[in-house]
Amino acid sequence: MISCDKCGNRTEWLQVDSDAGGRWGVRSFYCRFDIKVTSGWRAVEKREGIGERRAILCASCKASLDSELTQELFEQEALRGTPLIFVAPDRVDLDRAIAEVKRTYGEGEGVVAVLESDRKREAKTVPLDSLKWLAPAARDAVQHKYGKPGKPVTLYRHQAKAIGAVRRGGSVVLSTATSSGKSLCFQLPFLHDIAATSDPHKRPAVLYLAPLNALIGDQFRSLKEFGTAKRETGAVAEFLQTVTIGGGDTCFVAAQYHGGVRVEGDDAQNSATGKLRRQIRSAKPNSCSRIRKCWQGPSCH
Ligand SMILES: [Zn+2]
């Protein structure tokens, strides 16, 4: 999170730059979890005290950011006209992120757990079997994906802590290194809910929102490894699959839908894209299910 040394402003900034024709202009943007450009270019006016040089200025006191940070920001997509970029994890102010989550979603019944792994420290693990509440089919699904012969599956402590917090109905902000198993922290609780709900019509729906299409594709591929996956037939095969877990009759349907989804063979009479949409909509949450939101950055897999 960038902040102004003079006045402490952390959200509103001005970008001063020249356009292709050499005309100097300014636009404002704000920074929260990400940076968004919020106004179009307008010409720099003399009376504003804004010089004709590339700069990032604090919107409230007009102090300029140091040159290194300015250079870095100018290199980012947002300041080249793309409306959204992501702040590197070491720039995220976790306290602020958590305050924002609480403000937006309320404290609810649960806790917001602050969980950070320290890359320098060796990660501590706990056995999967220490989760006594876990439904057998869900445990088998995790064993199927991560297990090796004769070696019981273990969880990092931050995973066990996050999984426990989600299980208790909490909202979890999880900030850990790439490949430290963030996905399992929301996958395991819903695998349990699916396995523990005998009526297939009451099984929970899970909505995974990601900032990049590639991350949705990763999740789609990742889910099939929990069991035996069977793709739909026909045009939607690429985007819909039924995964059977625990070697029994427990299964869930995984669907991916994003801007990159183009179903071949679409026609007005038999729209495969329409079928995909209906399948996703039919799984929308009802009184028996909960939606879990997953907040993951672009480096998360
Ligand atoms: Zn300032």
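Computed from a predicted model, the values in this text were never measured in an experiment. (Residues numbered from 1 in each chain as written. Predicted model: local features only at pLDDT ≥ 70, side-chain atom pairs only at ≥ 80, totals over all residues.)

(A) Representation of the overall build of the protein within the structure. Summing up its helical and strand segments, the protein has seven helices and 13 strands in all. Taking the contacts inside the protein whose residues are at least 6 apart along the sequence as the reference set, 61% of them involve residues at least 24 apart. (Helix = DSSP H or I, 4+ residues; strand = E, 2+ residues; numbered from the N terminus. Contact = placed C-beta atoms within 7 Å.)

(B) Spatial organisation of helix 6 (residues 213-224). Along its twelve residues, helix 6 runs 18 Å from first to last C-alpha, staying within 8% of the 16 Å computed at 1.5 Å per residue. The elements touched by buried residues of helix 6 are strand 12 (240-245) and strand 13 (250-255). (Expected span 1.5 Å × (residues − 1).)

(C) Structural detail: the nonpolar core. Counting residues in each nonpolar core, the largest one holds 31 residues, and the members touching the most others are Ala-138, Cys-185 and Leu-191. Of all elements in the fold, only helix 3 (136-146), helix 4 (157-167), strand 10 (171-175), helix 5 (182-196), helix 6 and strand 12 reach the threshold of two or more residues within this core. Sorting elements by how many residues they give to this core places helix 5 first, with eight residues. If you count residues domain by domain, this core takes at least three from each of domain 2 (93-196) and domain 3 (199-301). (Core = buried A, V, L, I, M, F, W, Y, C linked by C-beta atoms within 7 Å. Buried ≥ 20, exposed ≤ 12 C-beta atoms within 10 Å, placed from the backbone. Domains from an automatic or database assignment.)

(D) Local environment of the pairing of strand 13. Direction of pairing for strand 12 relative to strand 13: antiparallel, over a ladder of six bridges. In the sheet register, Leu-240 faces strand 13, and the bridge partner there is Ala-255. The antiparallel pairing of strand 12 with strand 13 creates a hairpin that spans four residues between the two strands, and Gly-246 there sits at a positive phi of about 70°. (Pairing = 2+ DSSP bridges.)

(E) Geometry of the packing of helix 4 against helix 5. Running from N to C, helix 4 and helix 5 cross one another at 45°; their axes reach a closest spacing of 9 Å. Put simply, helix 4 runs oblique to helix 5. Between helix 4 and helix 5 the crossing geometry is right-handed. Along its contact with helix 4, which presents Gln-159, Ala-162, Ile-163, Val-166 and Arg-167, the element helix 5 presents Leu-184, Cys-185, Phe-186, Leu-188 and Pro-189. Classifying every residue of the contact of helix 4 with helix 5 gives eight nonpolar, one polar and one charged. (Axes fitted to C-alpha atoms, helices over the stretch in contact; angles between N-to-C directions. Parallel < 35°, antiparallel > 145°, perpendicular 65-115°, else oblique. Left-handed = near helix turned anticlockwise from the far one by under 90°. Nonpolar A, V, L, I, M, F, W, Y, C, P; charged D, E, K, R; others polar.)

(F) Highlighting the sheet that holds strand 11 (residues 227-231). Strand order in the open sheet formed by three strands is 11-12-13, and the pairing between neighbours is antiparallel. Edge positions in the sheet fall to strand 11 and strand 13, since each of these pairs with one other strand and no more. Taking the axes of each pair of neighbouring strands and ignoring which way they run, one obtains an average angle of 25° across the sheet. Sheet topology places strand 11 next to strand 12; five bridges connect them, and they run antiparallel. Bridge pairing links Ala-229 to Val-243 in strand 12. Contacting strand 11, strand 12 and strand 13, helix 3 runs over the sheet at an angle of about 110° to strand 12. Sheet contacts for helix 6: strand 11, strand 12 and strand 13; angle to strand 12, the most-contacted strand, approximately 35°.

(G) Geometry of the confidence of the model for the protein. Chain-level statistics for the protein give a pLDDT mean of 73 and a share of 66% at 70 or above. For the protein, per-element mean pLDDT is lowest for strand 6 (residues 84-86), which scores 34, and highest for helix 3, which scores 94. For residues 81-89, every residue scores under 50 in pLDDT, and the model assigns this stretch 24 contacts once sequence neighbours within four places are set aside. Note that residues 284-301 has pLDDT below 50 and, in this model, 36 contacts with residues that lie over four places away or in other chains. (pLDDT = per-residue confidence, 0-100.)

(H) Structural view of helix 5. With 15 residues, helix 5 extends 22 Å from end C-alpha to end C-alpha; this agrees with the ideal 21 Å at 1.5 Å per step. For helix 5, the tally of buried residues reaches 13 of 15 residues, placing the bulk of the element in the interior.

(I) Broad picture of the environment of Gly-25. Along the chain, Gly-25 falls in strand 2 (residues 24-31). The partly exposed category is assigned to Gly-25, around which 15 C-beta atoms lie within 10 Å.

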